[in-house]
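Structural overview
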Protein chains: 2
Amino acid sequence: MALRQTGDLSRVYPASRPMTAGIGSSAPRDPGNNCHKTQESLLSSASGYKNYRGVLNWCVVMLVLSNARLFLENLLRYGVLVDPIQVVSLFLNDPYSWPAACLVIVSNVFILVALYTERQLSKGSLSELVGLLVHCINMAVLLTFPAAVVLLVPSVTSVGGLFVLGTYTIVLLKLYSYKDVNFWCRELSTMKAKKLSRSLSCKSHIRERKVCYPGNLTLRDMYYFIFAPTLCYELNFPRSPKIRMSFLLRRLFEMVRKYLIIFFSFCQWMIPIIQSSMKPLEVNLNLSFQVPNHLLWLMFFYWFFHSSLNFTAELLRFGDRQFYKDWWNSESVTYFWQNWNIPVHKWCLRHFYKPLLRRGFSKMFSQSAVFFLSAFFHEYLVSVPLRMFRLWAFMGMMAQLPLAWFVGRFLRGNYGNAAVWISIIIGQPFAVLMYVHDYYVIHYRQEGE
Amino acid sequence: MALRQTGDLSRVYPASRPMTAGIGSSAPRDPGNNCHKTQESLLSSASGYKNYRGVLNWCVVMLVLSNARLFLENLLRYGVLVDPIQVVSLFLNDPYSWPAACLVIVSNVFILVALYTERQLSKGSLSELVGLLVHCINMAVLLTFPAAVVLLVPSVTSVGGLFVLGTYTIVLLKLYSYKDVNFWCRELSTMKAKKLSRSLSCKSHIRERKVCYPGNLTLRDMYYFIFAPTLCYELNFPRSPKIRMSFLLRRLFEMVRKYLIIFFSFCQWMIPIIQSSMKPLEVNLNLSFQVPNHLLWLMFFYWFFHSSLNFTAELLRFGDRQFYKDWWNSESVTYFWQNWNIPVHKWCLRHFYKPLLRRGFSKMFSQSAVFFLSAFFHEYLVSVPLRMFRLWAFMGMMAQLPLAWFVGRFLRGNYGNAAVWISIIIGQPFAVLMYVHDYYVIHYRQEGE
């Protein structure tokens, strides 16, 4: 056996191809020819290596270690600031009236109106023009009614108002998509009726157990769409084969844990900073507000876009889990806005940007219009619940346009990525701080002094 | 054209395969069937997604932003602490005697002795036993002579001593590898002589322009190995085709920049911390020492293992640039030690661990022996230049063994990775701080008080 091995080796020696060193003899089988091979360092761009998973853990460890002392100091200085009564008071001013919950229940009326209108349109009982008018009125009321209630009824708290307006905005976008898709379906079936090919396509549909046009106008289908984690309606959503219990429980656990961490951090970390300083620019410059605000935003992102939406999707067996793409690698501001919130991005692209292009508007104009719409909703969701019209959110969103131009024009690669991070870390808290400052000045200054 | 398109569409509708929406008509071509597809979220482990390059930039931005204020405060408080005279004094006590440089020049004697011995062995003028004896004496002197000089000559500074001992240790490991590989070559050629297959293999060698055994014993080959960024000798190193000037200049620029940053940070950031506190445990607990020490270590890693070694390799057209692997993702302590310093790991594996296994020792024993050897050299490189024998470095390395067992036994995945990071961030500075504290107590306390 030993002889045979030696024979083998004298044949392969001195070729430098990989060879496992034999163990058990007095010398290794490779006299120094298999030790090195031509290769690049991992951190050289030529290596194509990109797995920095460990760096995420490094961040967590560094954050925990460098904040452990701050955390202890904070606890010793302020004590435990989390107060269950305060939590309830965020949502309720008067425990016997639940205006926010009532408003959310009322939103079903608008959903049912949209469904009823579509049914009538599918039967031909309503003309397309009348149907469009009904939809428009329905959506206009959907936008203004909750805002009016939140502004006029004093028992709606800011958090409650934000929750209501958020829900109504989501329903509005969903119903808009519902109307559009059903209209497209009617348009296509008219075309097909002319070509007599409808029966064929519907047969294949039935074979694949898919729904075709008028068959989707059911209460069950409508409410599946309302609860599904997407804003774009589709007749046949991709479905996952079954609910994975372990996945569901993991996401649920994450949701609860992250929610508690966010809530605790907010009470313990942000409120003292806000209360102790009424000079926003000074706070802003020394970054004691930016870093917690940014970390809370990151936690919120994970909590909402990863844990909560995945939990809902798993529960509804909704197949498409792309709620965000790799915005953390974005090298331009545009890439960031296109990838951090995929449901909204998808809606804007399908129901706003592309229709504008189809009507002959330029790309530049359509893109600006999307930012304008987004700016309007940002302002709507902030100003109305806080009952303060300051336009900071609107201007913050609109400022993204020149920023996107600047970063796209002058910065590439990692520099572009760093610029995006800086705009998120510094820019976003700036707008938030403006509101926070004004809100505290209005509501608490007289009490404090 | 429009008709033909419609015809196409009635055929593909309602199949849900990807389709580009036509622009220019009044309605999109897909009535809501191509909007979603089954896919996982990127952060779910099922997606297999691992590109977190942007997170590295996030770290840099967060570090810069959160340290900008500290940096300004430091400058205002201490002024510029970097002093070119002090830099020189780190290396020289007396500007007319350069003991460290002389010692480095003397190391050539040992290299030439090793080469001469190998030449005599290849000719058969020395027996294997005598050759081994000469090598052993040569290496023993190589280890003890510089240590004796550093300990006995007071004009050698600590930094100079570290540099000398580092150089001598590297030469020692290289010469050990040189001796081993040449011995293996002689052993193999004896085997081949018995099988009469030598002429054949050497012909193929000449065709491939490769060196075969006694032909490698030249001054040129020896000095190429001494300067090459590896500790393992090989007759035919893989070579890169040419020197890429842009790569060389980029690495040079990085080297100089990182060196200046490290030097500046050390003077400006570490020295005040060290001087202001003589109570190591207190400093250690509030992490004001750990974080700068860790960041300096990371910068040193990049400076030495990426920039400097790649620069040398490019200059020498040395093909194997694997100076480190992805230790930042390491999920066990063992993986970290196997991957952060590939030249040393390769040497240990080839010239220490595998020979031990071949002699019948157990894996456990051989692994412990490697850690013991490593601990010895850590202590040698720290204690001798500082002229303090405290065993902290030795114990720090030996403590890796139970730590490796604990992490490997109880922690997996990201938890293991976090444990490795914590041991690097907390553990390493602890040992460093012990020396620093003792050094300052011995040398500066009397001056300060």
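What you see is a predicted model, and the numbers here were worked out from it, not measured in a lab.

Of the regular secondary structure elements, chain A holds 18 helices and 0 strands. Out of the 449 residues in chain A, the part that is buried amounts to 48%. Across chain A, every contact between residues at least 6 apart in sequence was considered, and the portion connecting residues at least 24 apart equals 71%.

Under the UniProt annotation, the feature "active site" (unreviewed entry) is placed at His378(A). Those residues in contact with His378(A) that sit more than four places away from it in its chain are Ala393(A) and Met397(A).

The next subject is the packing of aromatic side chains. Counted by the stated rule, this structure contains 80 aromatic pairs over all chains. Ring centres of Tyr178(A) and Phe225(A) lie 6.4 Å apart, and the angle between their planes is 15 degrees; on these two criteria the pair is classed as stacked. Of this pair, Tyr178(A) sits in helix H6 (residues 158-195) while Phe225(A) sits in helix H8 (residues 219-227), placing them 47 residues apart in sequence. By the burial criterion, Tyr178(A) is buried, and Phe225(A) matches it. Its end group placed over the ring of Tyr176(B), Lys179(B) keeps NZ or CZ at 4.7 Å from the ring centre. Its guanidinium or amino end placed over the ring of Phe247(B), Arg244(B) lies 4.3 Å from that ring's centre, counting from NZ or CZ.

Counted by the stated rule, this structure contains 18 salt bridges over all chains. The partner of Glu40(A) in a salt bridge is Arg244(B), with the nearest N and O atoms 3.4 Å apart. Within this pair, whereas Glu40(A) is found in the loop between helix H1 (2-12) and helix H2 (53-78), its partner Arg244(B) is found in the loop between helix H8 (219-227) and helix H9 (245-276), the two belonging to separate chains. A relative accessible area of 26% places Glu40(A) in the partly exposed class. The exposure class of Arg244(B) is partly exposed, given its relative accessible area of 28%. Close ionic contact of Arg244(B) with Glu314(B) constitutes a salt bridge, the shortest N to O distance being 3.0 Å. Separated by 70 residues along the polypeptide, Arg244(B) in the loop between H8 and H9 and Glu314(B) in helix H11 (residues 290-316) bring together distant segments of the chain.

So, about the environment of Tyr176(B). Residue and element names in this part refer to chain B. In this structure, tyrosine 176 sits in helix H6 (residues 158-195). We classify tyrosine 176 as partly exposed; its relative accessible area is 26%. When the C-alpha atoms of tyrosine 176 and tyrosine 233 are compared, they prove to be 9.0 Å apart, with 57 residues separating the residues in sequence. Setting aside its immediate chain neighbours within four residues, tyrosine 176 contacts Met139, Trp347 and His351.

Before going further, it helps to examine the environment of His294(A). Within the element layout of this structure, His294(A) appears in helix H11 (residues 290-315). The exposure class of His294(A) is buried, given its relative accessible area of 0%. Separated by 135 residues in sequence, His294(A) and Pro429(A) have C-alpha atoms that sit 7.3 Å apart. When near neighbours in sequence (up to four residues on either side) are disregarded, His294(A) contacts Trp421(A), Ile424(A), Ile425(A), Trp58(B) and Met62(B).

Moving on, we come to the nonpolar core. Residues Trp327(A) and Trp327(B) are the most contacted members of the largest nonpolar core, which totals 153 residues. If we ignore the near neighbours within four places in the chain, the residues touching Trp327(A) are Trp297(A), Leu298(A), Phe301(A), Phe336(A), Asn339(A), Trp340(A) and Trp421(A).

Turning next to helix H16 (residues 400-410) of chain B. Residues and elements named next belong to chain B. Along H16, the positions that sit buried rather than exposed are Gln400, Ala404 and Val407. Buried residues in H16, looked at end-on, bunch into an arc of 75 degrees, giving them a common side. Facing away from the buried side of H16 by more than 90 degrees, the exposed set consists of Trp405 and Arg409.

For the rest of this paragraph, the subject is the packing of helix H4 (residues 99-123) of chain A against helix H5 (residues 128-152) of chain A. Residues and elements named next belong to chain A. With their axes 10 Å apart at the nearest point, H4 and H5 run at an angle of 175 degrees to one another. Overall, the two elements H4 and H5 adopt an arrangement that is roughly antiparallel. Every residue of H5 that contacts H4 at Leu103, Val106, Phe110, Val113, Ala114, Thr117, Glu118 and Leu121 is listed here: Glu128, Gly131, Val134, His135, Asn138, Val141, Leu142, Phe145, Pro146 and Val149. Residue classes in the contact of H4 with H5 are distributed as 12 nonpolar, 4 polar and 2 charged.

Turning next to H5(A). An ideal rise of 1.5 Å per residue puts 36 Å on 25 residues; H5(A) measures up with 36 Å between its terminal C-alpha atoms. Residues of H5(A) that are buried make contact with H4, H6 and helix H14 (363-386) of chain A.

Right, let's get into a nonpolar patch on the surface. On the surface, a cluster of nonpolar side chains totalling about 720 Å² of accessible area is made up of Ile243(A), Met245(A), Leu249(A), Leu252(A), Val256(A), Tyr259(A), Leu260(A) and Leu315(A). Structurally, Leu315(A) is set in helix H11.

Below, the discussion takes up unusual backbone geometry. All names here are of chain A. Positive phi, normally seen in glycine, also occurs at leucine 391, with a value near 65 degrees. Here leucine 391 lies in the loop between H14 and helix H15 (392-398). Assessed through its relative accessible area of 44%, leucine 391 is described here as partly exposed.

This next bit is on the environment of His378(B). Residue and element names in this part refer to chain B. Mapped onto the elements, histidine 378 comes out in helix H14 (residues 363-386). Here histidine 378 falls in the partly exposed class, since its relative accessible area comes to 32%. Taking the C-alpha atoms as reference points, histidine 378 and methionine 397, 19 residues apart in sequence, are found 7.8 Å from one another.

A word on the confidence of the model for chain A. Residue and element names in this part refer to chain A. Per-chain confidence: chain A averages 80 in pLDDT, with 80% of residues scoring 70 or above. pLDDT under 50 marks residues 1-27. Its contacts with residues more than four places away, or in other chains, come to 40 contacts. Here the complex is predicted with pTM 0.68, and the ipTM for its interfaces comes to 0.71.

Attention now moves to the packing of helix H5 (residues 128-152) of chain B against H14(B). Residue and element names in this part refer to chain B. Contact pair H5 / H14: the axes reach a minimum separation of 9 Å and the direction vectors enclose 25 degrees. If you check the angle between H5 and H14, you find them roughly parallel. Contacts from Leu142, Leu143, Pro146, Ala147, Val150 and Leu151 of H5 reach H14 at Phe376, Phe377, Tyr380, Val384 and Pro385. Split by residue class, the contact of H5 with H14 holds 11 nonpolar, no polar and no charged.

Right, let's talk about the side chain of Glu234(B) for a bit. In this structure, Glu234(B) sits in the loop between H8 and H9. An unpaired buried charge is present at Glu234(B): no salt bridge exists, and Arg350(B), the closest side chain of opposite charge, is 5.7 Å distant. Within the structure, the side chain of Glu234(B) is placed 2.5 Å from the side chain of His36(A), a separation counted as a polar contact.

Relative to the assigned elements, Lys346(B) resides in helix H13 (residues 342-358). Beyond its immediate chain neighbours, meaning those up to four positions away, Lys346(B) contacts Cys35(A), His36(A), Cys232(B) and Asp320(B).

So, about the state of the cysteines. Covalently bonding the sulfur atom of one cysteine to the sulfur atom of another cysteine gives a disulfide. All names here are of chain B. All chains considered together, the criterion is met by 0 disulfides over all chains. There is no disulfide at cysteine 185, and the cysteine sulfur nearest it, in cysteine 212, is 9.4 Å away. The class for cysteine 185 is buried, based on a relative accessible area of 1%.

What counts, and where the lines are drawn
- Every chain's residues receive numbers from 1 upward, in the order its sequence appears when written.
- All chains are assigned letters beginning at A, and all ligands numbers beginning at 1, according to the order in which they are written.
- The model is predicted, so local features are restricted to residues of pLDDT at least 70 and side-chain atom pairs to those at 80 or more, both for listing and for counting; the totals for chains, interfaces and linings are taken over all residues.
- Heavy atoms throughout the structure, all of them, feed into the side-chain values; hydrogens and water do not.
- Each helix corresponds to a stretch of at least 4 residues labelled H or I by DSSP, and each strand to a stretch of at least 2 residues labelled E; elements are numbered beginning at the N terminus.
- Under the scheme applied here, a residue whose accessible area is under 20% of the maximum for its type counts as buried, over 50% as exposed, and between as partly exposed, the area being computed with a 1.4 Å probe on protein chains only.
- By definition in these notes, contact holds between two residues if any of their heavy atoms fall within 4.5 Å.
- UniProt positions are given in the numbering used here, feature names are shortened, and annotations may be inferred rather than shown by experiment.
- Ring pairs are drawn from Phe, Tyr and Trp, using the six-membered ring of Trp, whenever the two centres fall within 6.5 Å, and their geometry is named by plane angle: stacked under 30 degrees, edge-to-face over 60, tilted for the rest.
- Distance and angle both matter: a charge sits over a ring if NZ of Lys or CZ of Arg is within 6 Å of the ring centre and within 35 degrees of the ring normal.
- When a carboxyl oxygen of Asp or Glu lies within 4 Å of a side-chain nitrogen of Lys or Arg, that pair is called a salt bridge.
- Put simply, a nonpolar core is a bunch of buried Ala, Val, Leu, Ile, Met, Phe, Trp, Tyr and Cys residues held in one set by side-chain atoms that sit within 4.5 Å of each other.
- Regarding the arc, it is the one traced by the directions from the helix axis to the C-beta atoms.
- In this description, a line fitted to the C-alpha atoms serves as the axis of each element, helices being fitted only across the stretch in contact, and the angle between N-to-C directions of two axes falls anywhere from 0 to 180 degrees.
- For classification purposes, an angle smaller than 35 degrees is called roughly parallel, one larger than 145 roughly antiparallel, one from 65 to 115 roughly perpendicular, and anything else oblique.
- Note on residue categories: nonpolar means Ala, Val, Leu, Ile, Met, Phe, Trp, Tyr, Cys or Pro, charged means Asp, Glu, Lys or Arg, and polar means any other residue, Gly included.
- In a helix, the anticipated span is given by 1.5 Å times the number of residues less one.
- Here the term patch refers to residues with relative accessible area over 30% and no salt bridge, with like charges joined within 9 Å and nonpolar side chains (Val, Leu, Ile, Met, Phe, Trp, Tyr) within 5 Å.
- Methods summary: accessible areas were calculated by the Shrake-Rupley approach with a probe of 1.4 Å, and residue burial reflects only the protein chains presented.
- For every residue, the predictor reports its confidence as pLDDT, a number between 0 and 100.
- In this tally, Lys and Arg are treated as positive and Asp and Glu as negative; His is ignored, and so are the chain termini.
- N or O atoms within 3.5 Å of each other form a polar contact, as long as, within protein, one can give a hydrogen and the other can take it, and as long as residues adjacent in sequence are counted only when both atoms are side-chain atoms.
- Whenever a pair of cysteine sulfur atoms sits within 2.5 Å, that pair is classed as a disulfide.

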